[in-house]
Amino acid sequence: MDSIILFYKISFFAVLLISSHMFAEAGNVGVNYGRRGSDLPSPTAVINLLRSRNVDRIRLFSPDQDALNALRGSGIGVVLGVPNEHIQSIGNDPNFAGNWIWNNVLSFDDVEFRYISVGNEIEIPSDMSDYILPAIKNLNNALRAAGRTIPVSTTISFGLVVDSFPPSSGRFSDSTQNVMRPIVEFLVATRSPLLVNIYPYFSYNGNQQQIQLDYALFTANRVVVTDSGNQLQYTNLFDAMTDAAYAAIEKVGGDGVDIVITESGWPSGENGDIATIPNASTYVNNLISHVSGTSGTPKRPGKSIETYIFALFNENMKTADRIEQHFGLYYPDMGEVYPVTFR
Ligand SMILES: *[C@@H]1O[C@H](CO)[C@@H](O)[C@H](O)[C@H]1NC(C)=O
């Protein structure tokens, strides 16, 4: 009898623990706040908008002083990007790195920095890619010297992962491995995540013969792919891509390194039938419920996946590709492109 009561108490306690854990994980979805628009609202208005929607994480591509000032005291967690053009100086010169940390991190002691990302989708190998790890180390040292522990990492494009089908065969190509291996080893040593941009949209768009739309939009609700390497079963492309990235990381010594998804999204215009508001809404809302639940991916099950939606606004100054202007959740006047439920 006693042991039954004890068992009952323990399971009740376990349930409490599990549910408080789930609440703690609930706010793991953020948005990318880019500012390449001529008509965007002020950072203060933007931060108020985010707070009104219970969004408590954002990613900045650069240490935009107006945005950082607006974030003071907001409690919003920030992934702070080091622009690609600063990486060489930071990697070459510890003093430059120290000043960068002072000006953009320590001076904002009432901003909650989650990670610092050295660069965004730097081409590997390239002249610049040789500076990624030295820059990570110099920034990390500067933070330590100031008594701060903010994980410093880099943001890679999923394009670095080759042989991504089936997911277990994912790897970094021979030419990128020499750069990625020491970076990943450093992330293991500092217990920092690798930041990865993952877009099922681009995979689907480039390979409609072999990829079904429902698999890309999280609406398949059936096993679409069974990985011939490890028998893991996939119902959505996002998980398959994420696990291919995990496979690549493990092959360069990164067991235990977590992935944070720094970008994922679906455009709502400029690509015919595919980039429609309904398809974008389906993808983004299903993505949010998937990553904030505790299913995880087949390879890393049982935990939510920290993810940043790309992007907050439609930005009219992004000119490389017209589609890039149509990833926003909001129009510049802060009207919704489509409704998004954050939690
Ligand atoms: C979503 O994309 C598919 C594939 O291009 C298209 O056929 C379909 O009409 C789109 N659905 C909506 C509701 O826009």
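What you see is a predicted model; the values in this text were computed from it and never measured.

A.B. asks: An account of the sheet that holds strand β2 (residues 57-60) is needed here, citing residue identities and associated values.
C.D. replies: Ordered by their spatial adjacency, eight strands build a closed barrel running β1-β2-β3-β4-β5-β8-β11-β12, and the pairing between neighbours is parallel. Neighbouring strand axes in the sheet, compared pairwise and without regard to direction, differ in orientation by 25° on average. Bridging between strand β8 (residues 194-197) and strand β11 (residues 259-264) involves four bridges; their strand directions are parallel. Residue N197 lies in a different strand from β11, and its bridge partner there is E263. Along the sheet face, helix α7 (residues 174-190) touches β5 (152-157) and β8 and points at about 140° away from the line of β5.

A.B. asks: Which residues make up the pairing of β11, and what values do they have?
C.D. replies: With respect to burial, β11 is a largely interior element, six of its six residues being buried. Note: β11 against strand β12 (residues 307-309), two bridges, orientation parallel. Its bridge partner being in β12, S264 is matched across the sheet by I309. After leaving β11, the chain enters helix α11 (residues 277-292) and then returns to the sheet as β12, a path that is right-handed.

A.B. asks: Give me the lowdown on the packing of aromatic side chains, citing residues and values where you can.
C.D. replies: Summed over the entire model, instances satisfying the criterion amount to 13 aromatic pairs. Each ring, one from Y199 and one from F202, has its centre 5.3 Å from the other, and the planes form 70°; the classification is edge-to-face. The class for Y199 is buried, based on a relative accessible area of 9%. A centroid spacing of 6.1 Å and a plane angle of 80° characterise the contact between Y199 and F310, whose relative ring orientation is edge-to-face. Of this pair, Y199 sits in the loop between β8 and α8 (200-206) while F310 is found in the segment after β12, placing the two residues 111 residues apart along the sequence.

A.B. asks: Pulling in residues and values, what's your account of the pattern of salt bridges?
C.D. replies: Inspection of the entire model under this criterion finds 15 salt bridges. As a salt-bridge pair, R300 and D258 come within 3.7 Å of each other at their nearest N and O atoms. With R300 in the loop between α11 and β12 and D258 in the loop between α10 (237-251) and β11, the pair connects residues that are 42 residues apart, well separated along the chain. Note that D258 and K303 form a salt bridge whose closest N and O atoms lie 2.8 Å from each other. Taken together, the positions of D258 in the loop between α10 and β11 and K303 in the loop between α11 and β12 put the pair 45 residues apart, joining distant regions of the chain. With a relative accessible area of 32%, D258 lands in the partly exposed category. Salt bridges sharing common partners tie together E250, D258, K299, R300 and K303.

A.B. asks: So what's going on with the site of the ligand? Which residues, and what values?
C.D. replies: Contacts to the ligand come from Y204, L213, D273, I274, T276, P278 and N279. Between the ligand and D273, the relevant distance is 3.2 Å, taken from an oxygen atom to a main-chain nitrogen or oxygen of the residue. Within the side chain of T276, an N or O atom sits 2.7 Å from an oxygen atom of the ligand. Residues that form the shell around the ligand fall into these classes: four nonpolar, two polar and one charged.

About the cut-offs
Residues numbered from 1 in each chain as written. Predicted model: local features only at pLDDT ≥ 70, side-chain atom pairs only at ≥ 80, totals over all residues. Heavy atoms only, no water. Pairing = 2+ DSSP bridges. Helix = DSSP H or I, 4+ residues; strand = E, 2+ residues; numbered from the N terminus. Axes fitted to C-alpha atoms, helices over the stretch in contact; angles between N-to-C directions. Contact = heavy atoms within 4.5 Å. Buried < 20%, exposed > 50% of the residue type's maximum accessible area, 1.4 Å probe, protein only. Right-handed = clockwise from strand over helix to strand, strands pointing away. Phe/Tyr/Trp six-rings, centres within 6.5 Å; stacked < 30°, edge-to-face > 60°. Salt bridge = Lys/Arg side-chain N within 4 Å of Asp/Glu carboxyl O. Near = heavy atom within 4 Å. Polar contact = N/O pair within 3.5 Å; in protein donor to acceptor, adjacent residues only side chain to side chain. Nonpolar A, V, L, I, M, F, W, Y, C, P; charged D, E, K, R; others polar.

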